[in-house]
Amino acid sequence: MTARKSGSRLETEIERCRSEGQWDKIPELVRQLSAKLISNDDLGELLLGEAKLQQYLKENPIKQGASPRGLRPKLVEVRKHLTAALDRGNLKPDYMQEASMLMAKLCYVEGDYQEAISQYSRVGLDDLLLVGSPVYRLSMIAEAYATKGLCLEKMPAASPSLSNRDGDREQDIITCYEKSGDIALLYLQEMEKALSAGMQNRSPKPGPVAQEQELGYFLETGLQRAHVIHFKNGNLTRGVGRFREILRAVETRTTQNLRMTIARQLAEILLRGMCEQSYWNPLEDPPHQSPLNDPLRQGSYTKDYSLSRRPRVYSGENLFCPQENTEEALLLLLISESMANRDAVLSRIPEHNNDRIISLQSASVVYDLLTIALGRRGQYEMLSECLERAMKFAFEEFHLWYQFALSLMAAGKSARAVKVLKECIRLKPDDPTIPLLAVKLCIGTLHWLEEGERFAKMVVDMGEKASEFRAKGYLAIGLVYSLRATDASLRGMQEEYQKKALGAFQRAQSLSPTDHLAAFYLALQLAVSRQIPEALGYVRQALQLQGDDVHSLHLLALLLSAQKHYHDALNIIEMALSEYPENFILLFTKVKLETLCRGPEEALLTCKHMLQIWKSCYNLTNPSDSGRGSSLLDRAIADRRQLNTMTLPDFSDPETGSVHATSMAASRVEQALSEVASSLQSSAPKQGPLHPWMTLAQIWLHAAEVYMGMGKPTEAAACTQEAANLFPMSHNVLFMKGQVAELRGNMDEAKRWYEEALSISPTHVKTMQRLGLILHQLQRYSLAEKILRDAVQVNSTAHDVWNSLGEVLQAQGNDDAATECFLTALELEASSPILPFTIIPRAL
């Protein structure tokens, strides 16, 4: 009685060691068992053979893709134990099956695939019970299916034991691997459940927990080989289906890294190999015929097996199910990112170096795929947030810093992007493209011209290292100087910066004579300096290099208008609009030219057309819109052409920024005042980004100007009010209100509006000129002269300002100075374009 109890206790302990892979303890337990129960000698042979085989594989692991290494002395003992157990035939049927499976595994390790297949035929793998089997037995069955699949793959197709057709053989191989993977998932789930139960039932003690959870070569092959074959055979639908089956199985600690790899691989396939039309959601059966699959191998494999037990899958109410490929890919990648961050190895001590590199590489792949997925959707804000989380990996890692900088640029976070680009420059000081990106931001929305100049000089100072980017460096410096000339308040400073800009553009053009941008910006700078014939030469050169460049065409039109060839300029604009029909800057110029060439009615038609384009481009509407705006333009053109009525936003909550700010300082003032105005007026928010609303306000202001030219103050006031509803504190809006008051003969009101406009943008030349004239009419000559002289300092090429200054000086009896001003005004007017050359964007 005592012996039986002792044997039972030993057998339980042996089963536990087999389940937990503690093979070094098996020999001692077998010795005790043999001493207690003589009849179990065959079981002892089986256990010793298994323990020695597993210990050998642990010490000499099989690597993926490697061939078995043939006979080894240590394996001779394994064969001896297993042969003894099988030949005597005293084992119970279950143990006989296990011995045969182990013998087949040994044959595979030794390279005898034929014998391994014969062993599996004797076992009858498909008849083995999964229900009620011990946990370790599930592992053996999963490994057996994987090993059989490996043997079938390695045996030649003409082998006598493989009498089936080639297609059937391939299906058998895939079935083996899929069964192996399913049973492996079941085993790992049961193993985790058993370990959890053991932890609860006994006090925790040190043990090889991490080792218990490791996937061996055969289980890993069973989980990963099936989908590889599907993809190799061109059966993408079945491969994707297999990925999803594995991912839907309830997770265990052991499968976490595998799940992360599979999720990443599936996301890559969804992004690169599947379009929306060929997508099916994870809860649907895959289509029988799919354009994703190789047409020559359509229907080559269908899943036709069943198992008595399957791994548990996630289920429940209201589970999220993706409906298209980018959505599923994004879900998978966010899960992978979470796992990569959780398991990140950040320690930089030498012992952890390999683990840290693997962790970094794994995370980098996930973030690259996230960049593709989120970039397709334009979700740059979310992408920058994801990459910000990647910064924990990013110490001295250029790729992640650079991706983060690019995402910040795309998300409009320019100031942060410049700071991140500085770190990128530190990591790669010889790469000229990085400081050029920083310049692009600095001379754009940030208007950090001094900072931009430093970055541009970095590129130039690289010399020959910068190779073809050296010309871009000079181009960047030229743009910085050109913008600084526009911003300069003193005429001397303007001329100095214009001279430097011309020199830089000339150097860029000499270094890269085939770059149309170098010729274009050289032409633009010459135009700003009123060297019209020279500018025409270079702009034609730019158009020869790139005939459809919108800015070169626009500049050509402005240069023609400066020579008073208005009809030719209008033809150029219309030609450009045939290529770029939604370019608002071209349309604004068209309004000015049409007013001169075809009359204000045609110009109003263009304004109406712009409003329609704006609505179709941005599709921004306001539920509270009264619809009154469109009727303002219909009054003048209803008798000329029937146009569709359109509704326009009527928001009174202005966002930050200005309609056309002349400086960053003015823009900040307008932002602050607009925020105050929004708190006092309607709280209805404008949708989307700021730029569309600024464009809409500009359209209304151009329409108001046309009405002003027609002598219609009521309509001009209504259009101005539409712009004021969007940006009540814009200096351009306040200036136009002053213009309307002047037209009505109300000089005091006009003076008040002009003063308000100047309080926001003190360097707005048009406002300074109109205020100077009003002060002149009020006989306040000294103040008028001061304001007009300040205006000349700001813009020395404004002919109307010189003319007004001459009038004021003449009224004061200073005829010589007045004559000089009139002559300057005449000279400048002869080369004055329909709109300032500086309306053309200057950006890298």
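What you see is a predicted model; the values in this text were computed from it and never measured.

Colleague: Sorry, what's going on with the overall build of the protein here?
Modeller: Of regular secondary structure, the protein possesses 37 helices and 0 strands. Of all 844 residues assigned to the protein, the portion counted as buried reaches 52%. Taking the contacts inside the protein whose residues are at least 6 apart along the sequence as the reference set, 68% of them involve residues at least 24 apart. Taken as a whole, the protein presents about 38,900 Å² of accessible surface, with 51% of it coming from carbon and sulfur.

Colleague: Whenever I open this one, the side chain of Thr 255 confuses me. Can you help?
Modeller: Following the sequence through the fold, Thr 255 ends up in the loop between helix H11 (236–248) and helix H12 (256–272). Note on Thr 255: relative accessible area 3%, which makes it buried. At 3.1 Å, the side chain of Thr 255 and the backbone oxygen of Thr 252 are in polar contact. The contacts of Thr 255, once residues within four sequence positions are left out, are Leu 185 and Leu 188.

Colleague: How do you make sense of helix H20 (residues 469–487) when you look at a structure like this?
Modeller: In an α-helix, one turn spans 3.6 residues, which is why side chains three or four residues apart end up on the same side. With 19 residues, H20 should cover 27 Å at 1.5 Å per step; its first-to-last C-alpha distance of 27 Å lies within 8% of that length. With respect to burial, H20 is a largely interior element, 15 of its 19 residues being buried.

Colleague: Explain the pattern of salt bridges here, please?
Modeller: Opposite charge on two side chains permits pairing when their charged atoms draw close. Tallying each qualifying case throughout the model produces 46 salt bridges. The partner of Glu 190 in a salt bridge is Lys 193, with the nearest N and O atoms 3.5 Å apart. Placement of both Glu 190 and Lys 193 in helix H8 (residues 166–201) is noted, with a separation of 3 residues, approximately one turn of the helix. Overall, Lys 193 belongs to the partly exposed group, its relative accessible area being 46%. Across the salt bridge formed by Lys 564 and Glu 829, the nearest N and O atoms sit 3.8 Å from each other.

Colleague: Please clarify how unusual backbone geometry should be interpreted in this entry.
Modeller: Positive phi outside glycine occurs at His 447, with the angle close to 60 degrees. Summarising the element assignment, His 447 is placed in the loop between helix H18 (433–442) and helix H19 (449–461). Since its relative accessible area comes to 22%, His 447 is described here as partly exposed. Positioned with a positive phi, Arg 530 is a non-glycine residue whose angle comes to about 65 degrees. Note on placement: Arg 530 falls in the loop between helix H22 (516–528) and helix H23 (532–545). Here Arg 530 falls in the buried class, since its relative accessible area comes to 18%.

Colleague: Explain the environment of Arg 598 to me, please; I cannot follow it from the model alone.
Modeller: Position of Arg 598 among the secondary structure elements: in the loop between helix H26 (584–597) and helix H27 (600–618). A residue is classified by how much of its surface remains accessible, and Arg 598, at 40% relative accessible area, is partly exposed. As a C-alpha pair, Arg 598 and His 567 span 31 residues in sequence and 9.3 Å in three-dimensional space. Setting aside its immediate chain neighbours within four residues, Arg 598 contacts Leu 570 and Glu 574. Within the structure, the side chain of Arg 598 is placed 2.8 Å from the side chain of Glu 574, a separation counted as a polar contact.

Colleague: Is there a simple way to think about H11 in this case?
Modeller: Counted at 1.5 Å a residue, the expected span for H11 with its 13 residues is 18 Å, and the 18 Å between its end C-alpha atoms agrees. For H11, the tally of buried residues reaches 11 of 13 residues, placing the bulk of the element in the interior. All of the buried residues in H11 are Leu 236, Thr 237, Arg 238, Gly 239, Val 240, Gly 241, Arg 242, Phe 243, Arg 244, Ile 246 and Leu 247.

Colleague: Teacher, can you tell me more about the packing of helix H30 (residues 691–709) against helix H32 (residues 731–743) here?
Modeller: For any two helices packed against each other, the geometry is given by the interaxial angle and the distance between the axes. Where H30 contacts H32, the two axes come as close as 11 Å, and the packing angle between them is 15 degrees. Classified by the interaxial angle, the pair formed by H30 and H32 is roughly parallel. The interaxial crossing formed by H30 with H32 has left-handed handedness. In this structure, H30 uses Leu 701, Ala 704, Glu 705 and Met 708 to contact H32, whose residues at the interface are Asn 732, Val 733, Met 736, Gln 739, Val 740 and Leu 743. Split by residue class, the contact of H30 with H32 holds 7 nonpolar, 2 polar and 1 charged.

Colleague: Would you mind showing me how to read a nonpolar patch on the surface here?
Modeller: A contiguous nonpolar patch, built from Phe 320, Leu 331 and Ile 335 and spanning about 280 Å² of accessible area, is present on the exposed surface. Within the secondary structure, Phe 320 is located in the loop between H12 and helix H13 (325–342). For Phe 320, a relative accessible area of 53% gives the class exposed.

Colleague: For this particular structure, what's the right way to read the packing of aromatic side chains?
Modeller: Aromatic ring pairs are reported here in terms of the distance separating the ring centres and the angle at which the planes meet. Applying the stated criterion across every chain, the model contains 10 aromatic pairs. With 5.2 Å between their ring centres and 20 degrees between their planes, Phe 398 and Tyr 402 make a pair best called stacked. Of this pair, Phe 398 and Tyr 402 both sit in helix H16 (residues 398–410), 4 residues apart, roughly one helical turn. Here the two residues Phe 398 and Tyr 402 agree in accessibility, since each one is buried. With a centroid separation of 6.1 Å and an interplanar angle of 25 degrees, the aromatic rings of Tyr 481 and Tyr 497 are classed as stacked. Highlighted residues: Tyr 481 in helix H20 and Tyr 497 in helix H21 (residues 491–511), separated in sequence by 16 residues. When its relative accessible area of 9% is taken as the criterion, Tyr 481 is described as buried. Members of the aromatic cluster, each reached through a chain of ring pairs, are Tyr 108, Tyr 113, Tyr 217 and Phe 218.

Colleague: Honestly, the side chain of Glu 328 in this entry has me stumped. Any pointers?
Modeller: The residue Glu 328 is located in helix H13 in this model. For Glu 328, a relative accessible area of 4% translates into the label buried. Every residue in contact with Glu 328, bar those within four places of it in the chain, is listed here: Arg 244, Leu 266, Leu 270, Tyr 279, Pro 282 and Pro 322.

Colleague: Would you mind showing me how to read the environment of Tyr 279 here?
Modeller: Assignment of secondary structure puts Tyr 279 in the loop between H12 and H13. We classify Tyr 279 as buried; its relative accessible area is 12%. Setting aside residues up to four positions removed in sequence, Tyr 279 forms contacts with Arg 244, Leu 270, Met 274, Pro 322, Gln 323, Glu 324, Asn 325 and Glu 328. Of the polar contacts made by the side chain of Tyr 279, one reaches the side chain of Glu 328; its length is 2.6 Å.

Colleague: Please clarify how the packing of helix H6 (residues 113–123) against helix H7 (residues 135–154) should be interpreted in this entry.
Modeller: Between H6 and H7, the least distance of the axes is 9 Å, while the angle of their chain directions is 140 degrees. Overall, the two elements H6 and H7 adopt an arrangement that is oblique. At the point where H6 passes H7, the crossing takes the left-handed sense. Between H6 and H7, the residues in contact are Tyr 113, Ala 116, Ile 117 and Tyr 120 and Glu 143, Ala 144, Thr 147, Lys 148, Cys 151, Leu 152 and Lys 154, respectively. Class assignment for the residues of the contact of H6 with H7 results in 7 nonpolar, 1 polar and 3 charged.

Colleague: Help me understand the confidence of the model for the protein, please; the structure alone is not making it clear to me.
Modeller: The predicted coordinates should not be examined in detail at positions where pLDDT is low. Mean pLDDT over the protein: 81, with 84% of residues reaching 70 or higher. Mean pLDDT across the elements of the protein bottoms out in helix H9 (residues 209–212) (41) and peaks in helix H24 (residues 550–562) (94). Counting contacts from residues 1–6, a segment whose pLDDT is below 50, to residues more than four positions away or on other chains yields 2 contacts.

Colleague: I would appreciate a short explanation of the environment of Leu 421 in the present structure.
Modeller: With respect to the helices and strands, Leu 421 occurs in helix H17 (residues 414–427). Once you skip the residues sitting within four places of it in the chain, Leu 421 turns out to touch Tyr 402, Ala 405, Met 409, Ile 434, Leu 437, Ala 438 and Leu 441.

What counts, and at which threshold
- Residues numbered from 1 in each chain as written.
- Predicted model: local features only at pLDDT ≥ 70, side-chain atom pairs only at ≥ 80, totals over all residues.
- Heavy atoms only, no water.
- Helix = DSSP H or I, 4+ residues; strand = E, 2+ residues; numbered from the N terminus.
- Buried < 20%, exposed > 50% of the residue type's maximum accessible area, 1.4 Å probe, protein only.
- Contact = heavy atoms within 4.5 Å.
- Areas by Shrake-Rupley, 256 points an atom, 1.4 Å probe, with all protein chains shown as cover.
- Polar contact = N/O pair within 3.5 Å; in protein donor to acceptor, adjacent residues only side chain to side chain.
- Expected span 1.5 Å × (residues − 1).
- Salt bridge = Lys/Arg side-chain N within 4 Å of Asp/Glu carboxyl O.
- Axes fitted to C-alpha atoms, helices over the stretch in contact; angles between N-to-C directions.
- Parallel < 35°, antiparallel > 145°, perpendicular 65-115°, else oblique.
- Left-handed = near helix turned anticlockwise from the far one by under 90°.
- Nonpolar A, V, L, I, M, F, W, Y, C, P; charged D, E, K, R; others polar.
- Patch = residues over 30% accessible without salt bridge, like charges linked within 9 Å, V, L, I, M, F, W, Y side chains within 5 Å.
- Phe/Tyr/Trp six-rings, centres within 6.5 Å; stacked < 30°, edge-to-face > 60°.
- pLDDT = per-residue confidence, 0-100.

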